[in-house]
Amino acid sequence: MSNIALVTGAGSGIGKAIALGFAAQGDRVIAADLDLAAAEATAKEYPQLITALPVDISDRAQVDELRDRTHAEVGVPNVIVNAAGWDRTDQFLNATPEFAQKVVAINYLGPVNICSTFLPGIIDAGNGGRVINLASDAGRVGSSGESIYAGAKGGVIALTKSLAREMARHNINVNCVCPGPTDTPLFQAQEEKLKAALIKAIPFRRLARPEEVAAPVLFFASESASFITGQVISVSGGLTMAG
């Protein structure tokens, strides 16, 4: 049976690779992104399967509107993928309150908004489902210059585990994928010196490709992962080998 998958951040990078991965296996996809034009570009690759919709995940009213349009235009999704995220590398003491609030609003409260808005429909449908959250290895082991982002992503990891406990009674699996440095527009916007240092620290001496991060997301959404919940998998080329 094919899925209906909601993917946030589907206009570029990892989110786009995830959306295209679902469509490639015949699933219906809602490609949601703050940048509607980017989401529409993703949808053009599988126009019969992907529907592009706009959303600012930090705005609960917009998330409610996304739910209403998704249900009306596509149906109730049985897979939720929280892939949208944002950061800017800088030292913690340079962070303004406005910057900190934006990082937390997008990277932590965004997934909270999506899950709290869409999970009731999945529960009411009574067919179970999957939630896959994209966190970061920064949330597992910390990252210099990304302290607030790391804290938000650590919150996503804890949210994943707690939701997994609450949703198990509804046959909804909740898991988490933590990318390391990945070849995305967000990474390429970093300073050259930082990018080079990160690549050098990775045992494989290269960045992850977005489709390599998408692969475990597709696995968590599949029947092969039907008895896996509350788990966190790192996709970092061996950069973080913490337990």
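The rules behind each value
- Residues numbered from 1 in each chain as written.
- Predicted model: local features only at pLDDT ≥ 70, side-chain atom pairs only at ≥ 80, totals over all residues.
- Heavy atoms only, no water.
- Helix = DSSP H or I, 4+ residues; strand = E, 2+ residues; numbered from the N terminus.
- Polar contact = N/O pair within 3.5 Å; in protein donor to acceptor, adjacent residues only side chain to side chain.
- Contact = heavy atoms within 4.5 Å.
- Buried < 20%, exposed > 50% of the residue type's maximum accessible area, 1.4 Å probe, protein only.
- Phe/Tyr/Trp six-rings, centres within 6.5 Å; stacked < 30°, edge-to-face > 60°.
- Lys NZ or Arg CZ within 6 Å of the ring centre and 35° of its normal.
- Core = buried A, V, L, I, M, F, W, Y, C linked by side-chain atoms within 4.5 Å.
- Pairing = 2+ DSSP bridges.
- Axes fitted to C-alpha atoms, helices over the stretch in contact; angles between N-to-C directions.
- Right-handed = clockwise from strand over helix to strand, strands pointing away.

**Observations regarding the side chain of Asn 133**
- Within the element layout of this structure, Asn 133 appears in strand E5 (residues 129-134).
- For Asn 133, the side chain forms a polar contact with the side chain of Asn 82, separated by 2.8 Å.
- A distance of 2.9 Å separates polar atoms of two side chains, one belonging to Asn 133 and the other to Thr 160.
- Sequence-distant contacts of Asn 133, that is, excluding residues within four places in its chain, are made with Asn 82, Pro 111, Cys 115, Val 156, Thr 160, Val 174, Asn 175, Cys 176 and Val 177.

**With respect to the environment of Ala 158**
- As for its position among the elements, Ala 158 is in helix H7 (residues 147-167).
- Look at Ala 158 and you get partly exposed, because its relative accessible area is 41%.
- A sequence separation of 15 residues divides Ala 158 from Asn 173, and the C-alpha atoms of the two residues are 15 Å apart.

**Focus on the environment of Ser 2**
- Along the chain, Ser 2 falls in the segment before strand E1 (4-8).
- For Ser 2, a relative accessible area of 46% corresponds to the partly exposed category.
- It is 22 Å that separates the C-alpha atoms of Ser 2 and Glu 40, two residues lying 38 residues apart in sequence.
- In this structure Ser 2 touches Gly 26 and Asp 27, once residues within four positions along its chain are discounted.

**Regarding the packing of aromatic side chains**
- Applying the stated rule across the entire model yields two aromatic pairs.
- Measuring from ring centre to ring centre gives 5.8 Å for Phe 219 and Phe 220, while their planes differ by 45 degrees; the resulting arrangement is tilted.
- Among the residues examined, Phe 220 registers a relative accessible area of 4% and is labelled buried.
- Between the NZ or CZ atom of Lys 102 and the centre of the ring of Trp 86, over which it lies, the distance is 4.1 Å.

**Focus: the nonpolar core**
- Ile 18, Phe 22, Val 81 and Leu 134 are the most contacted members of the largest nonpolar core, which has 32 residues in total.
- Looking at this core, the elements that each hand over two or more residues are E1, helix H1 (13-24), strand E2 (28-33), helix H2 (36-43), strand E3 (50-54), strand E4 (79-82), E5 and helix H10 (210-220).
- A total of seven residues in this core trace back to one element, the largest contributor, which is H1.
- Non-local contacts of Leu 134, meaning those with residues more than four positions away in its chain, are made with Ile 14, Ile 18, Val 81, Asn 82, Ala 83, Lys 153, Val 156, Val 177, Pro 179, Val 213 and Val 217.
- Within the second largest apolar cluster, 25 residues are counted, among which are Ile 106, Leu 119, Val 131 and Ile 172.

**Thoughts on the sheet that holds E5**
- On the basis of which strands lie adjacent, the open sheet formed by seven strands has the order E3-E2-E1-E4-E5-E6-E7 and parallel pairing. A strand with exactly one partner marks an edge of an open sheet, and here the two such strands are E3 and strand E7 (232-235). Sheet twist, expressed as the mean angle between neighbouring strand axes with direction ignored, is 20 degrees.
- Here strand E6 (residues 172-179) runs beside E7; their pairing, made up of four bridges, is parallel. Note on E7: the bridge partner recorded for Cys 176 is Val 232.
- Where H2 meets the sheet, it contacts E2 and E3, and its direction lies at approximately 180 degrees from that of E3.

**Details of the pairing of E1**
- Of all the five residues making up E1, five are buried; the element is thus mostly covered by neighbouring parts of the structure.
- In E1, alternate side chains face the same way, and those of Ile 4, Leu 6 and Thr 8 on one face and Ala 5 and Val 7 on the other are all buried.
- Pairing of E1 with E2 involves five bridges; the strand directions are parallel. Residue pairing across strands places Val 7 opposite Ala 31, the latter belonging to E2.
- Regarding the hand of the β-α-β motif, the stretch spanning E1, H1 and E2 is right-handed.

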